[in-house]
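# Architecture at a glance
Each chain is listed here by its residues.
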Amino acid sequence: AGAGGGAAGKGVDGAHGVAAPSGQGGAPVVRSTDPSRPLGSAQARQLQEALKPDAVGADGVGIYNTTRVIPAGVQVDFNGARIKAGPALGDGGQAEGQKPLIRMESGSSIANLELSGADGIHAMGDAKLDRIKWADVGEDAFTMKGPGHVEVTNSSAFNASDKIFQLNAGGSFKLDNFTADTFGKAVRTNGGKDFPIDISVTRSSFRNGKEAVVRSDAAQAKIHLAGNTVVDTPHDVIAPQAAQVEGAQHRGTKSYTG
């Protein structure tokens, strides 16, 4: 994935992942999440081919015009690639129904990627994301579409008009060592919905938020904050009184209005 003039990656056998030549940022590496069940070389190379951009912009960033799927049980290290959404996925505004650049099937993981626009990344279940930079958030940066356990580590997001992380299903969401600047809500559960969800935000920095680090309408939510820096943001948590909240310094409540 990505674009530009990076060096070709080294070939690696299927037991340890397969790297193929790519553009800017170096070669993506595709592996099985289970070392005892490695991907075959043909399967890995097929996915690498699918991850290549449709075009390259004048800024040297790869353009995706269709959503790319990371299959269940697969991890992809994008090796520093930069991608952005083409107009076929959405205009990057706040209109609902825009499409993601990447859809992660349950049990997949991605790392080392910069992306911008449209509806970011969708996770259908369990997912791990590491070293992801949303350089310019579109509709949302990430949406939890199905029940599961999601971990986002060592990542950042910038210029979100509203939400960064949208959680539409139950399970757990862990955010650690994250940086956000300019956003409405960093983490938002589905508006007006009540379902059990455990949210953990630790060792992270939030600046220039319009509303809150975490906003939820779920009375069943459990929200844990620790070791965070929150600057120029009115609340660290907005949630119903019945929600279990730990570590909030500036907690508020707000009725859902649609």
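Residues numbered from 1 in each chain as written. Predicted model: local features only at pLDDT ≥ 70, side-chain atom pairs only at ≥ 80, totals over all residues. Heavy atoms only, no water.

## Thoughts on the overall build of the protein chain
- Looking only at helices and strands, one finds one helix and 21 strands in the protein chain.
- In the protein chain, which comprises 258 residues, the proportion classed as buried is 49%.
- Across the protein chain, every contact between residues at least 6 apart in sequence was considered, and the portion connecting residues at least 24 apart equals 46%.
- Summed over its atoms, the accessible surface of the protein chain is roughly 10900 Å², and 47% of this surface lies on carbon and sulfur atoms. (Helix = DSSP H or I, 4+ residues; strand = E, 2+ residues; numbered from the N terminus. Buried < 20%, exposed > 50% of the residue type's maximum accessible area, 1.4 Å probe, protein only. Contact = heavy atoms within 4.5 Å. Areas by Shrake-Rupley, 256 points an atom, 1.4 Å probe, with all protein chains shown as cover.)

## Looking at the pattern of salt bridges
- This structure, assessed with the given rule, holds twelve salt bridges.
- Here Lys 163 makes a salt bridge to Asp 140, at a shortest N to O gap of 3.7 Å. Residue Lys 163 is found in strand E13 (residues 163-167), and its partner Asp 140 is found in the loop between strand E10 (127-136) and strand E11 (142-144); the two are separated by 23 residues along the sequence.
- Accessibility expressed as a relative area gives 13% for Lys 163, which makes it buried.
- A relative accessible area of 3% means that Asp 140 is categorised as buried. (Salt bridge = Lys/Arg side-chain N within 4 Å of Asp/Glu carboxyl O.)

## Remarks on the nonpolar core
- Ranked by size, the top nonpolar core spans 58 residues in total, and within it Leu 129 and Trp 134 carry the most contacts.
- If one sorts the elements of this core by residue count, strand E14 (residues 171-189) sits on top with seven residues.
- Aside from chain neighbours lying at most four places away, what touches Trp 134 is Leu 115, Ile 121, Leu 129, Ala 141, Phe 142, Ser 155, Ser 156, Ala 157, Phe 158, Phe 165 and Phe 178. (Core = buried A, V, L, I, M, F, W, Y, C linked by side-chain atoms within 4.5 Å.)

## So, unusual backbone geometry
- Backbone geometry at Arg 131 places phi at a positive 55°, although glycine is not the residue there.
- Positionally, Arg 131 belongs in strand E10.
- Look at Asn 154: it is not a glycine, yet its phi comes out positive at around 55°.

## Focus on the environment of Ser 216
- Within the secondary structure, Ser 216 is located in the loop between strand E16 (205-215) and strand E17 (221-226).
- Its relative accessible area of 2% is what places Ser 216 among the buried residues.
- Expressed as a C-alpha distance, the spacing of Ser 216 and Val 187, which sit 29 residues apart in the sequence, is 8.2 Å.
- Ser 216 has contacts with Arg 188, Thr 189, Ala 221, Ile 238, Ala 239 and Pro 240, leaving out every residue within four places of it along the chain.

## Digging into the confidence of the model for the protein chain
- Per-residue pLDDT for the protein chain has a mean of 89; in total, 90% of the residues score no lower than 70.
- Note on residues 1-23: pLDDT under 50 across the span, and 72 contacts to partners over four residues away in sequence or across chains. (pLDDT = per-residue confidence, 0-100.)

## Section: the pairing of E14
- The pairing of strand E12 (residues 148-158) with E14 spans ten bridges and is classified as parallel. Residue pairing across strands places Glu 151 opposite Lys 174, the latter belonging to E14.
- Here four bridges tie E13 to E14, and the two strands are oriented parallel to one another. Bridge assignment links Leu 167 to a residue of E14, and that residue is Thr 189.
- With six bridges joining them, E14 and strand E15 (residues 197-202) adopt parallel strand pairing. For Lys 174, the partnering residue across the bridge sits in E15 and is Ser 200.
- Note that E14 and E16 share seven bridges and pair parallel. Residue Asp 181 lies in a different strand from E16, and its bridge partner there is Arg 207. (Pairing = 2+ DSSP bridges.)

## Focus: the packing of aromatic side chains
- On inspection of all chains with the given rule, the structure shows seven aromatic pairs.
- Their ring planes at 35° and their centres at 6.3 Å tell us that Phe 142 and Phe 173 sit as a pair that is tilted. Here the residue Phe 142 occupies a position in strand E11, and Phe 173 occupies one in strand E14, the gap between them amounting to 31 residues. As far as burial versus exposure is concerned, Phe 142 and Phe 173 are alike and both buried.
- Judged by centre distance (5.1 Å) and plane angle (50°), the rings of Phe 165 and Phe 173 are tilted.
- Among the aromatic side chains, those forming a connected cluster through ring pairs are Trp 134, Phe 142, Phe 165, Phe 173, Phe 178, Phe 183 and Phe 206.
- Between the NZ or CZ atom of Arg 68 and the centre of the ring of Tyr 64, over which it lies, the distance is 4.1 Å. (Phe/Tyr/Trp six-rings, centres within 6.5 Å; stacked < 30°, edge-to-face > 60°. Lys NZ or Arg CZ within 6 Å of the ring centre and 35° of its normal.)

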